[in-house]
Amino acid sequence: MALSALNRLTALLPPERLLFQPEQLAAYESDGLTAFRTRPLAVTIPETADEVIALVRFCREEKLPFVARGSGTSLSGGSLPVASGIVIALNRLNRILRLDPELRLAVVEPGVVNTQVSQAAAPHGLHYSPDPSSQSICTIGGNVAFNSGGAHCLKYGMTSNHVLGLRAVLATGEVVEWGGGSRENVGPDWCGLFTGNEGLFGIALEITLQLLPRPERFHTVLAGYDSLERAGDAVSAIIASGLLPGAIEIMDALALEAARASVNAEYPPGCEAVLIVELEGPREVVALDSARLDAILANSKAVGIRQARDAGERLAIWKGRKNAFSAVGRLSPDFIVQDGVVPRRRLGEALRRVGEMSRQAGLRCANVFHAGDGNLHPLILFDGREPGALERAEVLAGEILRMCVAMGGSITGEHGIGVEKRDFLPVMFGADEIDCFKRLREAFDPFGIANPGKMFPAEQAPALQHRGLHPLEKAGVLSRE
Amino acid sequence: MSTALAPASVTELVEVVRSYPRLLAFGAGTKARLSAVNATRISVSQLRGIVEYEPSEFTFTALAGTPVRELVRTLAERGQYLPFDPLLTDAGATLGGTIAAGVSGPGRLRFGGLKDFILGVQFVDGLGRALRMGGKVVKNAAGFDVPKFLVGSLGRFGVLTELTFKVFPSPASTLTLKLAAGDIEAATRILVEAANSRWETHALDILPGAYDVCMRLGGPAQALQEIADDVFARWPGEKLGDVDAEKIWSDLREFRWVHADRPLIKIALMPTFIPPLYRAVQRFEGLRIHVSSGGNMAFVSLAAPKQAVELNELLRNLSLSGVTLRGEAPLWCGLQPRAEIAQAVKHALDPENRFPPLHE
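Residues numbered from 1 in each chain as written. Chains lettered and ligands numbered in written order. Predicted model: local features only at pLDDT ≥ 70, side-chain atom pairs only at ≥ 80, totals over all residues.

K.L.:
In this structure, what is going on with the overall build of chain A? I would like to understand it.
P.N.:
Per the secondary structure count, chain A includes 17 helices and 19 strands. The C-alpha radius of gyration of chain A comes to 22 Å, within 12% of the 23 Å expected for a compact globule of 481 residues. With the C-alpha coordinates of chain A rotated into their principal frame, the extents come out at 70 × 60 × 45 Å. Sorting the 481 residues of chain A into buried and exposed places 59% on the buried side. Across chain A, contacts joining residues at least 24 apart in sequence account for 74% of those joining residues at least 6 apart. (Helix = DSSP H or I, 4+ residues; strand = E, 2+ residues; numbered from the N terminus. Rg over C-alpha atoms; globule rule 2.2 N^0.38 Å. Buried ≥ 20, exposed ≤ 12 C-beta atoms within 10 Å, placed from the backbone. Contact = placed C-beta atoms within 7 Å.)

Below is the structure:
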């Protein structure tokens, strides 16, 4: 079946946009979760929405599994190919179709890179808020599929909070249009249901994004502490004050070491943890709020405090933070990025337990996290050449996720379930809830052809393989978060 | 319509859902058109109370029948609020009814509406199962986002029993400015320019019956005075005292400006559509309109039910959609996209059609 079906694909796309050769397919075998690798039957490279629709309808006719892929930065294996199916690579659908400064919105194709939206909006004093650390490479289509987050989610929400409208082809072949230019909608929130579907419902073809006025003024402060607890206490004091910072981030000692090695970031001497807090808003408001924040931090027993005096210094602070993950590659041949959420008031306890668990497992673990919303990103370091190390790291990662759920949190704040966490879905949801998810999935995809093998616990899991860093990661192009 | 059932627990509710062929939940009945269909009515009034409120987490969980004003009061005691200005709180609107109706108030402009603040739900689906979807923490990407989908779903996919919300610290103070505009074009220009400005306005509404724009600012009092001067350098206007300002916003939130017992329709809008909409409704005698949230929604109060037919056609021509909250008029108004997937999702959540279809 498969071969004859693939032959029929040639009627849909010119030969140069249909990849069949093993050497062509190699680049698509894995995504940001490098422990998994699967070779698809073919990779298709559509250039228009109509071509994507034709491909999806073809897959439905042939019951051929398909996996949509943007830049392949998923950390949960969301764009891991299926051996019996094709990859639909969307990078060439990369046009910004419309940018309306008056209505503060952009209509984009799925292959548009996250930062390109903000770059296009910048001349109008606008920006696109969700900022995953891979934003210079990850695509809006992938952001929509996985409801990506970033450092500014507490105040402005995740991708889902910025999608005003969608045109999508569903796995049934139906093309739907939901929402539009209004920030308000009438009837159920279909865009909300579609965003975060992890590629199981279909493929977004046009996405209407809300843009926000770029804040006039930022006040970015980096404070160093001699313990993680002290940094955590400072966060509690900020939250209790009634301030609403745009971002509150913490990095631990190991993460700082990595950032120093990678981007020559400088941190106050003797600090074991760094807190980054950013206020933003009109200059009159920031002037008063920043005085309050500075007073709180001055009383927080910091070993050193640095305020960004200009845009360059602000960028430098964020560069150290956003590159922390790939920087960890300098400390260890391999690492797993985990993504869990705990209630904010239990962050300190969660970090202590992560430390204990990693010591017991004999593995080092660096911590970078969005402290404002309780989103942990433990980076578990291991050497894949050592027999059993990857498995131990996976076990530790699983223990951390179970801890997050036991504390009342979530198994994912922003990376999604994908392949990586599918066995943990039942840790967070009961059998009835999972049945409801499956019924919804069946409504959108009765044949189970859209990104099969993701989100739901599988009968047969692909074997973990040690593969080392992603080639792009080694080149410093891609960073994981 | 038959008499209402009022289950006292989720277990009882599950039993009710399993026992009746056609059901619909209602709250305080403040948006009565949404539940005016032929079905056994379930009151959620007994499922009431705050389950969890942890100010340091910026979250609370409450039962669906809890009056929103109780929550607003409890949050205010801890210096927090629901930034989207929940509607009809004085009238007794419940949390569940607010979510099912999917209507937010003027404050949705600043940080988003209901769908941007809902984190998790428990609801009973058409199979009579109490399901927990979403989560209780401010950030969560696990599973399909059913909580968001249920915002505005009018109870047609299940009965909401419990909701978890994100909340924010209240601004240190607010200041309302009233800006005079000579006509609707000028008022619209103020909305667009102010929403795109550096001021981070919390609300921008065109008041019913005039072209006045009300702008609400939030933040430290001293800063707001300075911003107000900057606004007045752009457009003439006046600062309102706290009492006057609260009356304006409260009258809008409570729909005190509408024709009693006449159709009240919410329309999803874009600022560019405001002038054509205003021009077109000139011919509707007695029609009142409130443009809210920077021109992203409008509430229209018809003077007579028969105007609904004409409004429906008008909205269709403008490619706009609306929903009737009160009064005798068809539930949906204007453009009604109907996708096959809507049927399939209905079947997934409610295969036996225990709840009325969305388009009834």
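K.L.:
Help me understand helix 13 (residues 347-361) of chain A, please; the structure alone is not making it clear to me.
P.N.:
Think of an α-helix as turning once every 3.6 residues; residues three or four places apart then point the same way. The terminal C-alpha atoms of helix 13 of chain A, which comprises 15 residues, lie 21 Å apart, in line with the 21 Å expected from a rise of 1.5 Å per residue. If you follow the buried residues of helix 13 of chain A, they end up packed against helix 8 (228-240), strand 18 (364-370), strand 19 (375-382) and helix 14 (389-406) of chain A. (Expected span 1.5 Å × (residues − 1).)

K.L.:
Got a minute to help me understand the packing of helix 10 (residues 283-298) of chain A against helix 8 (residues 221-234) of chain B in this structure?
P.N.:
The description of two packed helices rests on the angle between their axes and on the distance between the axes. Contact geometry for helix 10 of chain A and helix 8 of chain B: axes closest at 8 Å, N-to-C directions at 165°. Judged by the angle between their axes, helix 10 of chain A and helix 8 of chain B are roughly antiparallel. The element helix 10 of chain A and its partner helix 8 of chain B pack so that their crossing is right-handed. Listed contacts from helix 8 of chain B to A:E284, A:V285 and A:L288 of helix 10 of chain A are B:Q222, B:A223, B:E226 and B:I227. When grouped by side-chain class, the residues that make up the contact of helix 10 of chain A with helix 8 of chain B number four nonpolar, one polar and two charged. (Axes fitted to C-alpha atoms, helices over the stretch in contact; angles between N-to-C directions. Parallel < 35°, antiparallel > 145°, perpendicular 65-115°, else oblique. Left-handed = near helix turned anticlockwise from the far one by under 90°. Nonpolar A, V, L, I, M, F, W, Y, C, P; charged D, E, K, R; others polar.)

K.L.:
Explain the interface of chain B and chain A to me, please; I cannot follow it from the model alone.
P.N.:
By convention, interface size is frequently given as the accessible area that disappears when the constituent parts associate. The partner chain A presents 69 residues to the 64 residues of chain B that form the contact. Top element by residues in the side of chain B that touches chain A is helix 12 (residues 340-349) of chain B. It accounts for six residues. Looking at the side of chain B that touches chain A, its residues break down into 30 nonpolar, 19 polar and 15 charged.

K.L.:
Would you take a moment to explain the domain arrangement of chain A for this structure?
P.N.:
Residue and element names in this part refer to chain A. For chain A, the assigned domains are domain 1 (2-92), domain 2 (96-213), domain 3 (217-322) and domain 4 (327-444). Distance from the C-alpha centre of domain 2 to the C-alpha centre of domain 3: 29 Å. Counting from both sides, the interface comprises four residues of domain 2 and, opposite them, five residues of domain 3. A breakdown of the residues in the side of domain 2 that touches domain 3 according to their chemical character gives one nonpolar, two polar and one charged. (Domains from an automatic or database assignment.)

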